Amino acid sequence: SVVIFIYTFATSIMQYNLALFTDSLAPTYTIFGFIMGLPWLFSLLTDMPTGALADRFGRKRTIVLGLLGLGVSGILFYGVSGLFQLFWVLVLFGVFGGFLTVAGMASVIAASPRAREHQFIGGYSSASALGYFVGPLAAGAVVFWTGSRTPFLIFGVICFIASLIAHFSIREA
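Rules used in this analysis
- Residues numbered from 1 in each chain as written.
- Predicted model: local features only at pLDDT ≥ 70, side-chain atom pairs only at ≥ 80, totals over all residues.
- Heavy atoms only, no water.
- Core = buried A, V, L, I, M, F, W, Y, C linked by side-chain atoms within 4.5 Å.
- Buried < 20%, exposed > 50% of the residue type's maximum accessible area, 1.4 Å probe, protein only.
- Helix = DSSP H or I, 4+ residues; strand = E, 2+ residues; numbered from the N terminus.
- pLDDT = per-residue confidence, 0-100.
- Phe/Tyr/Trp six-rings, centres within 6.5 Å; stacked < 30°, edge-to-face > 60°.
- Lys NZ or Arg CZ within 6 Å of the ring centre and 35° of its normal.
- Contact = heavy atoms within 4.5 Å.

(A) Representation of the nonpolar core. Grouped together as the largest cluster of nonpolar side chains are 41 residues, with contacts concentrated most on Tyr-7, Ile-63, Leu-67, Leu-70, Phe-77, Leu-86 and Leu-100. When contributions to this core are tallied by element, the ones reaching two or more residues are α1 (2-25), α2 (29-57), α3 (59-79), α4 (83-111), α5 (117-146) and α6 (150-169). Ranked by residues supplied to this core, first place goes to α4 with twelve residues.

(B) Broad picture of the confidence of the model for the chain. Of all residues in the chain, 99% have pLDDT values of 70 or greater, and the mean over the chain is 90. When the elements of the chain are averaged for pLDDT, α1 gives the smallest value, 88, and α3 the largest, 95.

(C) The packing of aromatic side chains, seen in detail. Applying the stated criterion across every chain, the model contains ten aromatic pairs. Here the aromatic rings of Phe-87 and Trp-88 are separated by 4.9 Å at their centres, their planes lie at 85°, and the arrangement is edge-to-face. Members of the aromatic cluster, joined through ring pairs, are Phe-21, Trp-40, Phe-77, Phe-93, Phe-152 and Phe-155. Above the face of the Phe-57 ring, Arg-61 is positioned so that its terminal group lies 5.3 Å from the ring centre.

(D) Seen up close, the environment of Thr-22. Structurally, Thr-22 is set in helix α1. For Thr-22 and Arg-171, which are 149 residues apart along the polypeptide, the C-alpha to C-alpha distance reads 38 Å. With residues near it in sequence (within four places) discarded, Thr-22 still touches Phe-32, Ile-35, Met-36 and Leu-86.

This is the structure in structure tokens:
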């Protein structure tokens, strides 16, 4: 739950700015909508294979790999200068976001006592919602004080930190 809170906090900081940034690059609202939906499309396309990967590779390693990939995508977001580059970074973000969310949910279920999974999933979902609530508040302050590209770097750094927390705090079995 701590890791998913950190991730959703970081993501909502980045996404607050992503819409403004994408709007400045997209020539039409149709292209804007398509671009903004890319991460969820690629997460959708990779969720089932990610579940199989987590079973074989390990949930903890899949979570850490997802967070590292998300951290890299944050750094890449910072350097995006055109729509084509943004397209590929959003694809990367979507794929690695799926790594974290699918393996994270599987870890919560596996760690839950039998017949109490629903309570643990509720805690996981609550931590996620709290991150999505608090992140935009922080993002507004970040953009106000530092500029419009800084949230991308903050997202990347927080994901790298979350990968370390996940590595040291999540039990594999």
